[in-house]
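These are the residues of each chain, in order.
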Protein chains: 2
Amino acid sequence: MRDDDLSARKREILLNAVESYIQSASPITSSNVRTNYFKNLSTATLRNELNALEAMGYLKQLHTSSGRVPTARGYRYYVNEIMCDVPLEDNILTEIHSIFQSRAVYLGDVVNEIADVVSKATNYPAVVMLKGFEKLQIKTVKIIPLLTGQALILIETNSGIINNFMPIKTDIPSQTYVDASNFLTSTFKDKTLSDMMQNIEDYRIQMCDELQEFKGIFDRMIESLREFGESIAKKSGVTAKGELRLLNSPEYHDLEKAKKVIDVLANPTEVEQLFDNLDSDEVTFKIGAEIPLEELQDCTVAGLDYQVDGESIASVGIIGPQRMDYAKIASALKFVVGEFANLKQLDNTQKGAEDGQEE
Amino acid sequence: MRDDDLSARKREILLNAVESYIQSASPITSSNVRTNYFKNLSTATLRNELNALEAMGYLKQLHTSSGRVPTARGYRYYVNEIMCDVPLEDNILTEIHSIFQSRAVYLGDVVNEIADVVSKATNYPAVVMLKGFEKLQIKTVKIIPLLTGQALILIETNSGIINNFMPIKTDIPSQTYVDASNFLTSTFKDKTLSDMMQNIEDYRIQMCDELQEFKGIFDRMIESLREFGESIAKKSGVTAKGELRLLNSPEYHDLEKAKKVIDVLANPTEVEQLFDNLDSDEVTFKIGAEIPLEELQDCTVAGLDYQVDGESIASVGIIGPQRMDYAKIASALKFVVGEFANLKQLDNTQKGAEDGQEE
DNA sequence: ATTAGCAGTCAACACGAGAGAGTGCTAACA
DNA sequence: TGTTAGCACTCTCTCGTGTTGACTGCTAAT
């Protein structure tokens, strides 16, 4: 049924019809199309055209005497044809901006805020996925003793700070933590987390050689670092926010349908399947049957990868009904990922900020 | 209409009827009561009794020929009469336990996790409110320089760690941060956050006297500390979780009704009104008209304060329909707040842990 | 190729009848 | 006086019917 060479008029009709349906949520009818776009044609003619478009699989009727709605194929055609950027609202722009400018630099906080703002901008549930935690590049390692018999492990990476708490013995002099932090930092600087974890046994030996007198203490620290690494590896990198926004779409006024989607979002493994194989330069839309999950056949999933050196580091995406504002969503995702990329750049050139690079 | 001296039989009927309605969600009928509790009485007799209870305002009919449902007053009577503890499910117990035992000691993380687990245990949206941030007692202050031109401010308090990031100049030797941290810690130890903020100007002068050579640096730090204090004071202490669980109750299958409640939960000012004036030893239920918000007249709000020296530090609560499992909810809230109190105790006696005080 | 005209289809809404569940009331009974 | 059987009554819920209105598909004329 590959038949993408539509006549110019069919193309026009289809694109306008889909556009109009996305905005209004009311089925496409011949008189509808006429009053909006083709005042010089009769409804009968348009009916013929719509009929043809239906035969080609771009539209479908819900029942005999109803208007038509786009099929997944119709949406796909629309998306392929008119992916133009639309400007986002100013307040959303500034909000996204301020997140990336803000002082919340814990990786987890940033992820949460991004997911929040994407959901807000699109009005659909949003997902941020961090892949390759273990690919993060270590910049510094700090171990900070606390009063409560715990220490805070703080690892600065090229993408933000990650942290964990570990139990410690309380009779260790504070200088030891400074020594340990310095040793760990110089040892692991520019290595990845997975490097660190894989070779941690070797390092432990080296460390104990160099700082013989604190052997027992460092043993304990390394042990905790290992636990930390394992807990990070186990941790799912999936963050979903704004599930409730699904209920704003008329398509999901039916609670049962909404719950199906929300349940999927609560399941990291399934979410990973959804946002697998994304592009990094253009937003990937998976429409209907293109989604690898049986229960989401009436949804569209939109996602964009953030890649460094061709390697996917993070994915940002949303999920909603097939009838969604594709252009706006693509713009929002691209803008967010773009800001992310900018941030990285700043981060690498280390403190090139403070210049007035307003746009 | 104060008429709380019900006959023993009316009392029995009312309590059982309310109990049964809470469990089944289907209206109380005479035959219903008969088959469940009073097999030796006829339905006619029970009808008379139900009629009387209705006249007294404990029950009401939805329409002439329907069964009865409890009024707010009926629930109130039920709550006052039979507040017994019910055991929580084991997995919930252990989950709560593990949160408090866990190593996540950032105050914000703990609050999030508590709200999550309370919502999970009760199956209703849960709220945790921190009041009197400024009453927190400082134990240590640490300023930790980071690579990105920021420093992490870490304040250990008697209730957990709070943290913030501040921009710094990059040319400060690391020893300065150690000196500053030590100075701040010794100066503010056992003072409250509000003490610190109120007197920060004086301390700034003192600090600059004592460590003259770092004047400019400390000025900057104090400035950031002040910003930090202000941002904390502004920050609402309200955390709500599990809003979606509202949709599990048949009462809120109507999206519009559910949204009303969810909107309130998104508004910290209104939430503060809801959970105002709670008890600290017994769970406070606000039923129907007892709730100080017009739009929540068909809800019940349950809450419990955590107090130290008669001063409310935190509140934990849930919101749901009037038909809720009061006993179970009271038990859950009490258990969580109890764990909170235990934690404080441990914290105060500084490292009295590690003993096998299982129950 | 386009169009007017017309018959056909189907959702949505309103109306009415019937069933069923539950009540209130009355009169009889212990 | 408390309890009960019996009966009429009320109201929701469901189902079937009929009507309306919005669209469509098709045909024949332009």
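Below is a summary of the structure that appears in this document. (Residues numbered from 1 in each chain as written. Chains lettered and ligands numbered in written order. Predicted model: local features only at pLDDT ≥ 70, side-chain atom pairs only at ≥ 80, totals over all residues. Heavy atoms only, no water.)

**Structural notes on the overall build of chain A**
Okay, step 1: Counting its regular elements, chain A contains 13 helices and 10 strands.
Okay, step 2: Taking the principal axes of the C-alpha coordinates as reference, chain A spans close to 90 × 45 × 35 Å.
Okay, step 3: Here chain A has roughly 16,600 Å² of accessible surface; of this, 48% comes from carbon and sulfur atoms.
Okay, step 4: For chain A, the centre of its 37 positive side-chain charges and the centre of its 55 negative side-chain charges are spaced 5 Å apart. (Helix = DSSP H or I, 4+ residues; strand = E, 2+ residues; numbered from the N terminus. Areas by Shrake-Rupley, 256 points an atom, 1.4 Å probe, with all protein chains shown as cover. Lys, Arg positive; Asp, Glu negative; His and termini not counted. Charge placed at Lys NZ, Arg CZ, Asp CG, Glu CD.)

**Structural notes on the interface of chain A and chain B**
Okay, step 1: Listed per partner, the contact involves 34 residues of chain A and 35 residues of chain B.
Okay, step 2: Roughly 2,900 Å² is buried in total at the junction of chain A and chain B, and carbon and sulfur atoms are behind 66% of that figure.
Okay, step 3: At the junction of chain A and chain B, the tally comes to zero salt bridges.
Okay, step 4: Counting across the chain A and chain B interface gives seven residue pairs in polar contact (both at pLDDT 80 or more).
Okay, step 5: Of all the secondary structure elements, the ones that give two or more residues to the side of chain A that touches chain B are strand S4 (138–145), strand S5 (150–157), strand S6 (160–167) and helix H11 (255–265) of chain A.
Okay, step 6: Sort the elements by how many residues they give to the side of chain A that touches chain B and S6(A) lands first, with six residues.
Okay, step 7: Of the residues in the side of chain A that touches chain B, the class split is 17 nonpolar, eight polar and nine charged. (Contact = heavy atoms within 4.5 Å. Buried area = accessible area lost by both parts, 1.4 Å probe. Salt bridge = Lys/Arg side-chain N within 4 Å of Asp/Glu carboxyl O. Polar contact = N/O pair within 3.5 Å; in protein donor to acceptor, adjacent residues only side chain to side chain. Nonpolar A, V, L, I, M, F, W, Y, C, P; charged D, E, K, R; others polar.)

**Thoughts on the protein's contact with DNA strand C**
Okay, step 1: The immediate surroundings of DNA strand C are formed by 21 residues, with A:Thr45, A:His63, A:Ser65, B:Ser30 and B:Arg68 found nearest.
Okay, step 2: A:Arg9 has a polar side-chain atom sitting 3.0 Å from a phosphate oxygen of DNA strand C.
Okay, step 3: B:Ser30 places a polar side-chain atom, nitrogen or oxygen, 2.7 Å from a phosphate oxygen of DNA strand C.
Okay, step 4: Mapped onto the surface near DNA strand C, the elements with two or more residues apiece are helix H3 (43–55) of chain A together with helix H3 (43–55) of chain B.
Okay, step 5: Broken down by element, the residue count for the surface near DNA strand C peaks at four residues, all from H3(A).
Okay, step 6: Residues that form the surface near DNA strand C fall into these classes: three nonpolar, 14 polar and four charged. (Near = heavy atom within 4 Å.)

**Description of the nonpolar core**
Okay, step 1: Grouped together as the largest cluster of nonpolar side chains are 86 residues, with contacts concentrated most on B:Val118, B:Ile155, B:Phe285 and B:Tyr326.
Okay, step 2: The leading source of residues in this core is helix H13 (residues 326–348) of chain B, at nine residues.
Okay, step 3: Non-local contacts of B:Phe285, meaning those with residues more than four positions away in its chain, are made with B:Arg76, B:Val79, B:Met83, B:Glu290, B:Thr300, B:Val301, B:Ala302, B:Tyr326, B:Ile329 and B:Ala330.
Okay, step 4: If you look at the next biggest cluster of nonpolar residues, it comprises 85 residues, including A:Leu59, A:Val69, A:Val141 and A:Ile329. (Core = buried A, V, L, I, M, F, W, Y, C linked by side-chain atoms within 4.5 Å. Buried < 20%, exposed > 50% of the residue type's maximum accessible area, 1.4 Å probe, protein only.)

**Section: the protein's contact with DNA strand D**
Okay, step 1: The environment of DNA strand D is made up of 20 residues, and the closest members are A:Ser30, A:Arg68, B:Arg9, B:Thr45 and B:Ser65.
Okay, step 2: Atoms of DNA strand D within 4 Å of the protein: sugar and phosphate make up 75%, bases the balance.
Okay, step 3: Within the side chain of A:Arg68, one N or O atom sits 2.4 Å away from a phosphate oxygen of DNA strand D.
Okay, step 4: The side chain of B:Arg47 places a nitrogen or oxygen atom 3.3 Å from a base oxygen of DNA strand D.
Okay, step 5: With four residues, the single largest contributor to the surface near DNA strand D is H3(B).
Okay, step 6: By residue class, the composition of the surface near DNA strand D is two nonpolar, 14 polar and four charged.

**Examining the sheet that holds strand S7 (residues 238–241) of chain B**
All names here are of chain B.
Okay, step 1: The strand order across the open sheet formed by five strands is S7-S3-S10-S9-S8, and the pairing between neighbours is antiparallel. Edge positions in the sheet fall to S7 and strand S8 (284–287), since each of these pairs with one other strand and no more. Averaged over all pairs of adjacent strands, the angle between strand axes in this sheet comes to 20 degrees, irrespective of strand direction. (Pairing = 2+ DSSP bridges. Axes fitted to C-alpha atoms, helices over the stretch in contact; angles between N-to-C directions.)

**Considerations on the pattern of salt bridges**
Okay, step 1: This structure, assessed with the given rule, holds 28 salt bridges over all chains.
Okay, step 2: A:Asp190 is paired through a salt bridge with A:Lys139; the nearest N and O atoms lie 3.2 Å apart. Here A:Asp190 is found in the loop between helix H7 (174–188) and helix H8 (193–198), whereas its partner A:Lys139 is found in strand S4, with 51 residues between them in sequence.
Okay, step 3: We classify A:Asp190 as partly exposed; its relative accessible area is 43%.
Okay, step 4: Among the salt bridges present, the one from B:Lys257 reaches B:Asp298, with a minimum N-O distance of 3.7 Å. In this pair, B:Lys257 sits in helix H11 (residues 255–265) while B:Asp298 sits in the loop between S8 and strand S9 (299–308), placing the two residues 41 residues apart along the sequence.
Okay, step 5: For B:Asp298, a relative accessible area of 37% translates into the label partly exposed.
Okay, step 6: Because the salt bridges share partners, they merge into one network encompassing A:Arg9, A:Lys10 and A:Glu49.

**Some details on unusual backbone geometry**
Residues and elements named next belong to chain A.
Okay, step 1: You will see that asparagine 123, though not glycine, has its phi angle at about 70 degrees, which is positive.
Okay, step 2: You can see asparagine 123 is positioned in the loop between helix H6 (107–122) and strand S3 (126–130).
Okay, step 3: The exposure class of asparagine 123 is partly exposed, given its relative accessible area of 33%.
Okay, step 4: Although it is not a glycine, aspartate 190 sits at a positive phi angle of roughly 70 degrees.

**A look at the packing of aromatic side chains**
Residue and element names in this part refer to chain A.
Okay, step 1: Scanning the model with the defined rule gives 11 aromatic pairs over all chains in all.
Okay, step 2: Ring pairing ties together the aromatic residues Tyr75, Tyr78, Phe285 and Tyr326, which thus form one cluster.
Okay, step 3: In this structure, lysine 257 packs its charged tip against the face of tyrosine 252, placed 6.0 Å from the ring centre. (Phe/Tyr/Trp six-rings, centres within 6.5 Å; stacked < 30°, edge-to-face > 60°. Lys NZ or Arg CZ within 6 Å of the ring centre and 35° of its normal.)

Geometric descriptors of this kind do not, in isolation, establish any biological role.
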